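Topology and contacts: notes
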Amino acid sequence: MTNRKRPKVYITRKLPDAVETRMRELFEAELNIDDKPRTQPELVAAVKAADVLVPTVTDRIDAALIEQAGPQLKLIASFSNGIDHIDVDAAARKGITVTNTPNVLTEDTADMTMALILAVPRRLVEGARILMDKPGEWTGWSPTWMLGRRIWGKRIGIIGMGRIGTAVARRAKAFGLSIHYHNRKRVNPVTEDELEATYWDSLDQMLARVDIVSVNCPSTPATFHLLSARRLALMQPNSYIVNTARGDIIDEDALIQCLREGRIAGAGLDVFEKEPAVNPKLVKLANEGKVVLLPHTGSATIEGRIDMGDKVIINIRTYFDGHRPPNRVLPSRT
């Protein structure tokens, strides 16, 4: 870096050892050794003292916090793909650059999505629980016990055909699923032909015609409760829904009601509307075998986290070398 003074970098959560070691080598880095979530007063103190804030998706970097930032805070280098936890417009007004870590978690998240697509209809978690918690209940193979639903030949409707949605489609096609998708615009014709994908301009019409719904769109004001009670009611009684994107895209209370009344066959959720809190009604449904719940692990691979850390480091170094960071996030109003 051309700037001789090492920037003071405040990291809100524990990162992989390799990333933290490199951070300490390059910057005056304050680590979070015990990985306890930072409190709001701690974040306020950080933005008043640090040159760079490195938050994660669990940190709320809103306008009120950004307004308290000192003049030395120049960069918010988020350790995340999504940026819905940061008020990017408020940061821009304060002259603070925001970066993220895109395009490194696509395959990991798509893998987990496919895992849930398999786990819910085939009742994988239920079966594993019986062997672990109630081994005496299993008396051997039976033609009519633990029957699930076949994946091959079914229709999957992907909401959000970006990088992750496309990666999910490729995996789903390999499992014999027919690909349908809803997006703001059609994907490249070459990709559409490769996947033999059917585009639906109307989300409502797609929901009524597919067997599995995969939520892969970003969380924005426009996608809040995109899957509302009205839209969930359009789904078939033998259909399933999987969400590895963001919890608030689905109206969770409406989903619970649909599952309880048997208007949807099941769900696989890696994210929750009020995360990290999980609705007790969802836990009850999980114990009844109607839902598979995971603790936001869609992107949780060692390789993925190290790749994210590398991007954070590159963004910081590039900024303090006097160049535009490669992963700068532009405000909605420029």
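Residues numbered from 1 in each chain as written. Predicted model: local features only at pLDDT ≥ 70, side-chain atom pairs only at ≥ 80, totals over all residues. Heavy atoms only, no water.

By the naming in an unreviewed UniProt entry, the protein goes by Glyoxylate reductase and is assigned to Ciceribacter selenitireducens ATCC BAA-1503. Its UniProt record gives the protein the following Sequence similarities (unreviewed entry) comment, quoted word for word: "Belongs to the D-isomer specific 2-hydroxyacid dehydrogenase family." (UniProt positions renumbered as here; feature names shortened; annotations may be inferred.)

Below, the discussion takes up the environment of Trp145. Along the polypeptide, Trp145 turns up in the loop between helix 6 (124-133) and strand 6 (155-159). Accessibility expressed as a relative area gives 36% for Trp145, which makes it partly exposed. Counting along the chain gives 95 residues from Trp145 to Ala50, while the straight-line C-alpha distance between them is 59 Å. If sequence neighbours within four positions are ignored, Trp145 has contacts with Ile130 and Trp138. (Helix = DSSP H or I, 4+ residues; strand = E, 2+ residues; numbered from the N terminus. Buried < 20%, exposed > 50% of the residue type's maximum accessible area, 1.4 Å probe, protein only. Contact = heavy atoms within 4.5 Å.)

It is worth spelling out the UniProt feature "domain: D-isomer specific 2-hydroxyacid dehydrogenase catalytic" (unreviewed entry) in the protein at this point. On the UniProt side, "domain: D-isomer specific 2-hydroxyacid dehydrogenase catalytic" (unreviewed entry) is annotated at positions that read residues 18-329 here. Helix makes up 38% of residues 18-329 and strand 12%, and the two end C-alpha atoms of the span are 25 Å apart.

Turning next to the domain arrangement of the protein. What the domain assignment reports for the protein is domain 1 (8-100 + 302-329) and domain 2 (105-293). Taken residue by residue, the interface counts seven residues in domain 1 and four residues in domain 2. Summing both sides of the interface, domain 1 and domain 2 together bury roughly 410 Å²; the carbon and sulfur share of this comes to 55%. Contact with domain 2 buries area across many residues of domain 1, yet Asn81, Asp84 and Gly304 alone supply 66% of it, more than any other trio. Here domain 1 and domain 2 share one salt bridge between them. Two residues, Arg246 and Asp84, come together in a salt bridge whose shortest N-O distance is 3.5 Å. At the junction of domain 1 with domain 2, the criterion picks out one residue pair in polar contact (both at pLDDT 80 or more). A breakdown of the residues in the side of domain 1 that touches domain 2 according to their chemical character gives two nonpolar, three polar and two charged. (Domains from an automatic or database assignment. Buried area = accessible area lost by both parts, 1.4 Å probe. Salt bridge = Lys/Arg side-chain N within 4 Å of Asp/Glu carboxyl O. Polar contact = N/O pair within 3.5 Å; in protein donor to acceptor, adjacent residues only side chain to side chain. Nonpolar A, V, L, I, M, F, W, Y, C, P; charged D, E, K, R; others polar.)

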